[in-house]
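Survey of secondary and tertiary structure
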Amino acid sequence: IFTTLELIRKRPQTKITMFEKGPLRGLGDQDNKTCGFGGSGAFSDGKLDLTHKIGGTLVEGGYLNVAEFNELMRYVENTYMHYCPTVDTMVEIENSAEIERIMRLCEMHEMQLIPFPVRHLGTDRAYWIVKGMYEELHSAGVDIRVETEVIRLDPQEGGFVVNWQQTEIVID
């Protein structure tokens, strides 16, 4: 979804078809935990961890430095906030004496406490964020094919051949 949002913003003339194995999920749809437009994130608890210290290796793997990561994370956060502008819940933990005490206690037991800021969008807003993204993509002319499992994708000159559900289509 993010890739397609970037493409329609930076190259609006690009012809895009998105395939989604699951359905276009309605509010309250809890049947499809990982499939459906937005995947499991459509009904997540709506938290963005705003640090490179957990959840990935972009900095540790040498792909980005800390400043680049922070800039990219702000961009991602702002993208989410675009679809949910009324959210102002930022959870930040100050390195207080109590946090320092807990960190030392963790270290004594060979554990590590990593305080970091979290943007809490909220479970009740995750659906509306995904819905806003869908509407923007649809309005931009993106061909979104839900309930369409891709079986095979073969490159061809000038495009791809997409095999889905025993049917073949050519996308130029």
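This text goes with the structure placed above it.
Quick caveat: nothing in here was measured; it's all calculated off a predicted structure. Each chain carries its own residue numbering, running from 1 in the written order of its sequence. Since the coordinates come from a predicted model, pLDDT governs what is reported: local features require at least 70, and pairs of side-chain atoms require 80 or more to be given and counted, while whole-chain, interface and lining totals use all residues. Note: side-chain values were computed over all heavy atoms of the structure, leaving out hydrogens and water.

Here a salt bridge means any side-chain nitrogen of Lys or Arg lying within 4 Å of a carboxyl oxygen belonging to Asp or Glu. Per the counting criterion, the structure on display carries seven salt bridges. The salt bridge partner of Arg9 is Glu136, with a shortest N-O separation of 3.3 Å. Here Glu136 lies in helix 4 (residues 123-139) and Arg9 lies in helix 1 (residues 2-10), a separation of 127 residues in the sequence. Burial classes: relative accessible area under 20% of the type maximum marks a residue as buried, over 50% as exposed, and values in between as partly exposed (1.4 Å probe, protein chains only). Residue class for Arg9 comes out partly exposed when judged on its relative accessible area of 35%. Glu136 gets classed as partly exposed once you look at its relative accessible area, which sits at 23%. Here a strand is any run of E in DSSP of at least two residues, a helix any run of H or I of at least four, and the numbering for each starts at the N terminus.

What follows covers the sheet that holds strand 2 (residues 47-49). Two strands are counted as paired when DSSP detects at least two bridges linking them. The three strands are arranged 2-4-3 in an open sheet whose pairing can be described as antiparallel. Pairing within the sheet leaves two strands with one partner each, and these edge strands are strand 2 and strand 3 (90-91). Pairing geometry for strand 3 and strand 4 (residues 118-120), over two bridges, is antiparallel. Counted as the bridge partner of Val91 is Val118 from strand 4. Contacts between helix 2 (residues 66-83) and the sheet are confined to strand 2, strand 3 and strand 4, with strand 2 contributing the most and set at about 170° to the helix. By definition in these notes, contact holds between two residues if any of their heavy atoms fall within 4.5 Å. Note on geometry: axes are C-alpha line fits, over the in-contact stretch for helices, and angles between N-to-C directions span 0 to 180 degrees.

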